[in-house]
Structures are given as C-alpha cells and as structure tokens.
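What the coordinates show
If you want the building blocks of each chain, they are given just below.
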Amino acid sequence: MKTYTPRLLVILTLAISSLSAVEINYTSPAFEIGKTSTGDPLTNGFTFELGSFSVFTPTAGNLAQWHANFTVLGTTNWDESFTQFSNTATLSSNAAPFGTSTQSFIWGYNFDTPSSSTEWILFTNPSWIFPASATVLPVSWDISDAGTIAIIGSLAGSLGADPYLQTAAVTAVPEPSAYAALIGLTAFGFAWTRRRRFWTNKGRPR
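The structure reproduced in this document is the subject of the present report.

Criteria and cut-off values
- Residues numbered from 1 in each chain as written.
- Predicted model: local features only at pLDDT ≥ 70, side-chain atom pairs only at ≥ 80, totals over all residues.
- Heavy atoms only, no water.
- Helix = DSSP H or I, 4+ residues; strand = E, 2+ residues; numbered from the N terminus.
- Buried < 20%, exposed > 50% of the residue type's maximum accessible area, 1.4 Å probe, protein only.
- Contact = heavy atoms within 4.5 Å.
- Phe/Tyr/Trp six-rings, centres within 6.5 Å; stacked < 30°, edge-to-face > 60°.
- Core = buried A, V, L, I, M, F, W, Y, C linked by side-chain atoms within 4.5 Å.

1. Let's talk about the overall build of the protein
Scanning the protein from N- to C-terminus turns up 3 helices and 11 strands. When its helices and strands are written in sequence order, the protein yields α-β-β-β-α-β-β-β-β-β-β-β-β-α. Counting the 206 residues in the protein, one finds 34% classified as buried. Across the protein, every contact between residues at least 6 apart in sequence was considered, and the portion connecting residues at least 24 apart equals 68%.

Okay, here's the thing in structure tokens:
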C-alpha cells in the first residue's frame, strides 16, 4: 500500500506558508511622464525599490547614509513602454525591519550612491505601513494615493509637459568626519609650509 504522507506534508507546508505571506503591489500610474532633473525621460536604467529605513530617518542632509540603512523588500525597473514602474513584493515575515508599525518607502535611482551623475526620488505615504504578514488580502500602494509625499525629487515635476514624477540630482556631500579630516589636512599643510619656509630662509646668507 502506497503512503502519501510526505507529499501531503509538503502540500500542507506550502499552504501554511502561503497563509503567512502578504503580497504588496507598489506602482505608479501607467503612461504618466517621468523625467530626470534635466528633463530627460526616465529609462529602464532606473531602479525602484520598496523597502524600509527602520529607525533611520532619510533627509537631504544624510544622503550618503541612505544605502547602508535601506533594506529592500522588492525591486523593479522603470518600464519605458508603459512609462511607469510596477511590481509585487512578498512580505513573508514581520521580522525587523518590516514590523507592522514600520513606515515603507519607495526609492527610485540610477545609482544608489551620490555622484556627479546620480538621480534620486524617494517618497512615502503615512498610510504605507507594513501589514501583518498573515494578512489574507493583497495590499496595493500607488504613488497617486492621497497624502503621498516626496522626500527628495518631485511628484509634480515642472519641466517639459509637467511630468508626474521627476528625480533630483544628488551629488556627494562630505560627512562631518570628512570635513574634520579636510580641516586637519589643511592645517598640517599650512604648518609644513611655514616650517619649510623658516628653514629655507635660515639657510640663506645675510
């Protein structure tokens, strides 16, 4: 007599795991316009990620720290044909940093670190809180949801035909430690120049 216990266990395991995961669709309206800070159309070289900064608060003053503090749940690229981004991410656990009281963000970029050619847009909505992973119904977040705000970039660009979303140029900003190192290096160079000038003048005939 054949036994189907192992196969039944696999089916039950898959069924249970599917009940402890929620699908989160994050998207922008199709056929809207997306542009860079210089007015160029967004391309499929732009990545859009759904994720969490946990307890870190992203601001224009700590751009260089964003990458290290952002945890990705889902990722997709800009679709040039439909001029939008759209993807579904699976939340299978509410382990940190995706707790049920954690704010979610959508980060769009061509490069995830600041440089002379970096373009970013980051936005969120007060209602975009990660749901319980056992939620049965799927969740959908659209950047046209009322209350959606941009931390950097714009959701109502002003170039060309008033693009729906527009990225912002993000250049490297030295951290405070970098400023301190620069000041120290400058002071060292000044002292070294003075000392060299002193010994050079001392060796000259009077």
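2. Quick notes on the pairing of strand 6 (residues 105-109)
Counted residue by residue, strand 6 has 5 buried out of 5 residues, so it is predominantly covered. Burial along strand 6 is two-sided: Phe105, Trp107 and Tyr109 facing one way and Ile106 and Gly108 facing the other are all buried.

3. Focus on the packing of aromatic side chains
Scanning the entire structure with this criterion turns up 18 aromatic pairs. Ring plane angle 40° and centroid distance 5.8 Å describe the contact between Phe53 and Phe56, whose orientation is recorded as tilted. Both residues of the pair, Phe53 and Phe56, count as buried. Connected via pairs of aromatic rings, a cluster forms that spans Phe53, Phe56, Trp66, Phe70, Phe105, Trp107, Tyr109 and Trp120.

4. Structural notes on the nonpolar core
Formed by 22 residues in total, the largest nonpolar core has its most connected members in Phe48, Phe85, Ile106, Phe123 and Leu165. Of all the secondary structure elements, the ones that give two or more residues to this core are strand 1 (22-27), strand 3 (47-52), strand 5 (86-91), strand 7 (119-124) and strand 8 (139-142). Considering each element in turn, this core owes the most residues, 3 residues, to strand 1. Counting residues in each nonpolar core, the second largest holds 13 residues, with Phe53, Leu63, Trp120 and Val170 among its members.

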